[in-house]
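Chain residues, written in single-letter form:
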Amino acid sequence: MAKKIRILLAKPGLDGHDRGAKVLARCFRDAGFEVIYTGCHNTPEQIVNAAIQEDVDMVGLSCLSGAHTYLYPEVVQQLKDRGVTDIPVVGGGIIPDRDMQPLYDAGLKAIFTPGATLDSIVEWINTNIAAKE
Amino acid sequence: MEELGKRALTGDIRAVSRLIRNIEDQVPNTHEAIKHIFPFTGRAHVVGITGAPGAGKSTLTDQLICSIRAKNKTVGVMAVDPSSPFTGGALLGDRIRMLRHADDPGVFVRSLATRGAMGGLSKAVGDGIHVLDVMGKDVIIVETVGVGQQEVDIINHAHTVLVVLVPGMGDEVQAIKAGLMEVADIFIINKADREGARKLYKETLSMMDMGKFPSGWRPPIVMVESNLEPHSFAKSVDELYEKIQEHYKFLYDNNLLQERAQLKVQTEINDALRSAILEPVLNKLIETGEFDQMVQKLLKKETDPYTLADEVAAKYLIK
Amino acid sequence: MLFTQELLDQSSLLRKKWEDEVKRVVSKNPDQKADWSTVSDLGIKRIYGPEDIGGMDFEKDIAYPGQFPFLRGCQATGYRGKYWTFRMFSGMGTAVTTNERWHYLLNNGQTGLSTAFDFPTLMGYDTDSPKAKGECGKCGVAIDTIEDFFDLTKGIPLGKVSTSMTINPPATILWAMYCATADIQGIPLTQLSGTIQNDMLKEFIAQKTLMCPPEPSVKLISDTIEFGTKYVPKWNTVSISGYHIREAGATAVQELAFTLRDGMEYVEDVIRRKGLPVDSFAPRLSFFFNSHIDFFEEIAKMRAARRIWSRGMRERYGSTDERSWWMRFHTQTAGCSLTAQQPYNNVVRTATEALAAVLGGTASLHTNSLDEVLCLPSDHAVQIALRTQQIIAEETGVCNTIDPLAGSYFVEALTNEMEEQAWDYIHKIDELGGMVAAIEKGFPQLEISDAAYKFQRQIDAAEKIMIGVNKYNVENEEVDIPLVEIDETVEQEQLQRLAAVKRNRDSKRVKECLEDIKKACEKGENVMPYCIEAVKARASVQEICDVYREVYGEYRDPGIY
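Some points on the sheet that holds strand S4 (residues 89-92) of chain A
Part 1: Taken in spatial order, the 6 strands of this open sheet run S5(A)-S4(A)-S3(A)-S1(A)-S2(A)-S3(B), and their pairing is parallel. Looking at which strands have only one partner, the edges of the open sheet turn out to be strand S5 (110-112) of chain A together with strand S3 (90-92) of chain B. For this sheet, the mean inter-axis angle between neighbouring strands, taken without regard to orientation, is 20°.
Part 2: Across 4 bridges, the pairing between strand S1 (residues 6-10) of chain A and strand S2 (residues 34-37) of chain A is parallel. Bridge pairing in S2 of chain A places Leu 8 of chain A opposite Ile 36 of chain A.
Part 3: The strands touched by helix H5 (residues 118-128) of chain A within the sheet are S1, strand S3 (58-62), S4 and S5 of chain A, with S5 of chain A carrying the most contacts at an inclination of about 170°.

The structure is reproduced here in structure tokens:
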């Protein structure tokens, strides 16, 4: 048995600012995770299909255009619609305080904003995301 | 576990992806699922694609998916990337280039990390092919890591092996010498609009003139334009797919599919024996501390590896 | 030689004494830390002296403003004749809202306009595209057709004010809208001044606002350069941008080198593809840099940029017109240096960065608002940012004299070092076959990605400091600044506007115009005249971009990291 945590990292929407996502991808590799990075300009549907086909343990979303209020809940909802409830979705980016609760209410498991250290994110994953049985 | 196998047979995507995951993770009893699906395998055309990093394998795979889908056939992809030897983590980025197929139910893409396996593949590729096969994919593309030049394991799994060369990488001839020559069913000269493409073509050609082709199939060389010219790129990949189909037909017409299948079966029985016999014995030895004792004995030169092996065989193998 | 041998001898004697004293003190009171370097990790010495710049030649390397190699500025008069253009980047919601913001800024003493478009517009999609869902008006103004453009420019004297448009893949179309609007108002194209960003190379490298592959993307840019050269001579048809390269995590040297090499790529393409002599178009090339938090590094970067460009133009391309040697650039303070924590601190950061840009000799400047890391800026925050520029210009006295830091041992040495490192990169890219080839190989992308990861690790380890992030943090901080929110009704409103335009236009005429653009693309003709006709006929941004995508193919980022 050699379980590995598998993570899908994606940038939904039209925003191409991928500095954060790419830094995280490397960081996750260095933390021993397997990272499937799907790059920029993903639709929620593409992300959901990829998450299912890759059987990941977590989906990480990054969007800096302000469209997170629509896009993040949409990914969670589409996963639910496909009957997937065991793949937690977490989000990052510039998320104003006022958007936090609505995003958690929509089903996001965690939200990381600027200032979260790489180590704190890895620690959160190690604590909260177990590789699938 | 058998249940997972049954669901995979119906094309249930979640079951398929979980099954591949379990194969990768070597979850106990996964073999039960494989046992269940094995009788239904052997239907798909398995295409391997190998070549140096930066040769454009994923981009070619992406376009090849278009060509295959245009013929109304379904596609499964397994794309392998290396695991970091230091952390065990991996960046699996091949999927980015296939993003446009993410919404197509006729396409299933799975990224795999090598997890320490040599030879350019993941240990899960063999059984993974079975799973994609029984879920109903007509063509299965396996993309190798492309780090080393010894990536010849693909020959044990694929009916048709594509070797991708690019002009200006400097190491094409070496790659051929290093053994890719023997595994190639089709050579692709990618980014053929680049300087040096003609030269590479001639080199590959003359290399082949020295080769022998006992099966009667002389690997064609397909020139593929750079993907930066999307229309001519698409056209040349369509032509590539025709060659791939021709090769499959050749194997079929000449009763050679059986020969290829034999290679795969040999590998499988090898792996299965290893996991059924060698691994339990090794685990036992480690568990009981015998392994350590053996190491100490060897260090002190009290015995030699062959005597030790004979002793273990005598103890564990029923003759 | 800048100094006499006598002075150098004297200096080396005194330096030895000073070094001994340093050794003595440090042995008792060690330095606070071992490594002293810029934010880009460029090592800095404890002190600089004559020996650090002794090899410079005054005439060849320094000279005076308006003199080759333009280290000290392109204009002889500096800021005494005219301050830099105060150009605040703005755009949000609908064209009507943005137009209101523009009037507000002009009334507050802003001297040039600058447009931020929303993501669908930037990527060449209309508001009614499924891909645009949730994005309309979010971080810029939504423009679908020329009707929106009329609203955007209402009451703005197009013949007098200079307008910058941050637009890349659909640059031909938005510029065509500007030209068509002026034309309809009876303003001759020769009177129009402004800038379109129109720099695709940095998109492939850094920002990923992508549409077609690199080669046809560069072709479209060459079309605009050619059209501008012939018909809109006061327009800057490309703003070669380092800003986004830096924001993506590049070092200052990488920003400098990749931006200038991008500029050279455009020069080479226009010469090759259009057969225009270099001096016919090069004077209209403009640049756009980031001003980050490391004060002297930024000043040295901007000074080095001017010198590299003038040398490159003269030596590589045989340019003989002085105006081609001038590097004129816009600067924006660094968004990535701002923090969401304790956001009022951002005012200080922006002021420092703006001061560096002014001392570096920028021609125009955008200062970020303190709330930009959280949302679109509020009127009040924008006003503070604009006032920051006005205070630097009119209170601090830094504009009294030109290039006040010239001759500083440190600043000159740093300028030299950055120039040298930039040339190394430029030559490396030459070896790879130019910038398009280098991008295809992932070279600049990987260099930036490495730097970004290293920097993040340094921040996490507190080896580099961001106040409020990894030092002097405030627990459970309450952020009490008002946040601007884009109403979700904007999308509905914009959808209705677009539907109305589509209903009322002559669709047969639109079809003909799009067909003409297609033919022009296929034949390799300049698309600009056809675009102007098409936007006049109310063809939308996406309809024209779809033609580009059809003919040239769609490009997807290979995701090199």
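Continuing now.
A closer look at the domain arrangement of chain B
Part 1: Annotation of chain B at the domain level lists domain 1 (1-39), domain 2 (41-254) and domain 3 (268-316).
Part 2: On a C-alpha basis, the centres of domain 2 of chain B and domain 3 of chain B stand 38 Å from each other.

What to know about the nonpolar core
Residue and element names in this part refer to chain C.
Part 1: If you look at the biggest cluster of nonpolar residues, it comprises 87 residues, and the most contacted ones within it are Trp 84, Phe 258, Leu 260, Leu 285 and Trp 309.
Part 2: Residues in contact with Trp 84, not counting those within four places in the same chain, are Tyr 79, Thr 111, Val 358, Thr 362, Ala 363, Ser 364, Leu 365, Gln 389, Ile 392, Ala 393 and Cys 399.
Part 3: Counting 59 residues, the second largest nonpolar core, distinct from the first, contains Ile 156, Ile 167, Trp 175 and Ala 176.

Quick look at the domain arrangement of chain C
All names here are of chain C.
Part 1: As assigned here, chain C comprises domain 1 (58-90 + 197-460) and domain 2 (489-552).
Part 2: Taking only C-alpha atoms, the centre of domain 1 and the centre of domain 2 are 33 Å apart.
Part 3: Carbon and sulfur atoms make up 74% of the surface buried where domain 1 meets domain 2, a total of about 920 Å² over both sides.
Part 4: At the boundary of domain 1 with domain 2, the tally comes to 0 salt bridges.
Part 5: Inspection of the domain 1/domain 2 interface yields 4 residue pairs in polar contact (both at pLDDT 80 or more).
Part 6: Per-element tally for the side of domain 1 that touches domain 2: the top contributor is helix H9 (residues 214-231), with 7 residues.
Part 7: The class makeup of the residues in the side of domain 1 that touches domain 2 is 6 nonpolar, 1 polar and 4 charged.

Some details on the interface of chain C and chain A
Part 1: Contact residues are listed per partner, giving 39 residues for chain C and 30 residues for chain A.
Part 2: When chain C packs against chain A, the two sides together hide about 3,100 Å² of surface, and 57% of this comes from carbon and sulfur.
Part 3: At the junction of chain C with chain A, the criterion picks out 3 salt bridges.
Part 4: When the shortest N-O distance is used, the salt bridge between Asp 119 of chain A and Arg 457 of chain C registers 3.3 Å.
Part 5: Here chain C is connected to chain A by 12 residue pairs in polar contact (both at pLDDT 80 or more).
Part 6: Those elements giving two or more residues to the side of chain C that touches chain A turn out to be helix H5 (119-123), helix H8 (201-207), helix H10 (243-247) and helix H19 (443-460) of chain C.
Part 7: The biggest single contributor to the side of chain C that touches chain A is H19 of chain C, with 9 residues.
Part 8: Of the residues that constitute the side of chain C that touches chain A, the class distribution is 20 nonpolar, 6 polar and 13 charged.

Details of helix H5 (residues 125-134) of chain B
Residues and elements named next belong to chain B.
Part 1: Most of H5 is tucked away: 9 of the 10 residues are buried.
Part 2: Those residues of H5 that sit buried are Val 125, Gly 126, Gly 128, Ile 129, His 130, Val 131, Leu 132, Asp 133 and Val 134.
Part 3: Positive phi shows up at Gly 136, right after H5, with a value of about 110°.

Topic: the pairing of strand S7 (residues 285-291) of chain C
Residue and element names in this part refer to chain C.
Part 1: Among the 7 residues in S7, 7 count as buried, and that is most of the element.
Part 2: Burial of the side chains of S7 extends over both faces: Leu 285, Phe 287, Phe 289 and Ser 291 are buried on one face and Ser 286, Phe 288 and Asn 290 on the other.
Part 3: Here 4 bridges tie strand S6 (residues 238-241) to S7, and the two strands are oriented parallel to one another. Pairing of Ile 240 across the sheet is with Phe 287, part of S7.
Part 4: When S7 meets strand S8 (residues 329-333), the two strands line up parallel, connected through 5 bridges. Looking at the pairing, Asn 290 lines up with Gln 332 of S8.

Quick word on helix H8 (residues 230-253) of chain B
Residue and element names in this part refer to chain B.
Part 1: Given a rise of 1.5 Å per residue, 24 residues ought to cover 34 Å, and the 34 Å separating the end C-alpha atoms of H8 matches this to within 8%.
Part 2: Taken as a whole, H8 has its buried residues at Pro 230, Phe 233, Ser 236, Val 237, Leu 240, Tyr 241, Ile 244, His 247, Phe 250 and Leu 251.
Part 3: Once H8 finishes, Asn 255 follows within two positions and takes phi at roughly 55°, a positive value.

Here's the deal with the environment of Glu 525 of chain C
All names here are of chain C.
Part 1: Looking at the element boundaries, Glu 525 is found in the loop between helix H21 (507-523) and helix H22 (528-536).
Part 2: With 287 residues separating them along the chain, Glu 525 and Val 238 place their C-alpha atoms 19 Å apart.
Part 3: When residues no more than four places from it in sequence are discounted, the contact partners of Glu 525 are Lys 219, Asp 223, Ala 520 and Tyr 530.

Here we look at the interface of chain A and chain B
Part 1: Contact with chain A, which involves 38 residues of that partner, is made by 31 residues of chain B.
Part 2: Carbon and sulfur atoms make up 47% of the surface buried where chain A meets chain B, a total of about 2,900 Å² over both sides.
Part 3: Our enumeration of links across chain A and chain B arrives at 9 salt bridges.
Part 4: Here Arg 95 of chain B ties to Glu 54 of chain A by a salt bridge, and the two come within 2.6 Å at their closest N and O atoms.
Part 5: Where chain A packs against chain B, one counts 23 residue pairs in polar contact (both at pLDDT 80 or more).
Part 6: Looking at the side of chain A that touches chain B, the elements with two or more residues in it are helix H1 (19-30), S2 and helix H2 (44-54) of chain A.

Here's the deal with the pairing of S8 of chain C
In regular strands, side chains alternate between the two faces of the sheet.
All names here are of chain C.
Part 1: With 5 of 5 residues buried, S8 is to be regarded as a mostly interior element.
Part 2: Alternating residues of S8 divide into Phe 329, Thr 331 and Thr 333 and His 330 and Gln 332, and every residue in both groups is buried.
Part 3: Bridge count between S8 and strand S9 (residues 364-366): 3 bridges; the pairing is parallel. Bridge assignment links Gln 332 to a residue of S9, and that residue is His 366.

Things to note about the side chain of Arg 505 of chain C
All names here are of chain C.
Part 1: Positionally, Arg 505 belongs in the loop between helix H20 (489-504) and H21.
Part 2: Of note is the side chain of Arg 505, whose polar atom sits 2.9 Å from the backbone oxygen of Arg 538.
Part 3: With sequence-adjacent residues up to four places away left out, Arg 505 is seen in contact with Val 510, Ala 537, Arg 538, Ala 539, Ser 540 and Glu 543.

Rules of the game
- Residues numbered from 1 in each chain as written.
- Chains lettered and ligands numbered in written order.
- Predicted model: local features only at pLDDT ≥ 70, side-chain atom pairs only at ≥ 80, totals over all residues.
- Heavy atoms only, no water.
- Pairing = 2+ DSSP bridges.
- Helix = DSSP H or I, 4+ residues; strand = E, 2+ residues; numbered from the N terminus.
- Axes fitted to C-alpha atoms, helices over the stretch in contact; angles between N-to-C directions.
- Contact = heavy atoms within 4.5 Å.
- Domains from an automatic or database assignment.
- Core = buried A, V, L, I, M, F, W, Y, C linked by side-chain atoms within 4.5 Å.
- Buried < 20%, exposed > 50% of the residue type's maximum accessible area, 1.4 Å probe, protein only.
- Buried area = accessible area lost by both parts, 1.4 Å probe.
- Salt bridge = Lys/Arg side-chain N within 4 Å of Asp/Glu carboxyl O.
- Polar contact = N/O pair within 3.5 Å; in protein donor to acceptor, adjacent residues only side chain to side chain.
- Nonpolar A, V, L, I, M, F, W, Y, C, P; charged D, E, K, R; others polar.
- Expected span 1.5 Å × (residues − 1).

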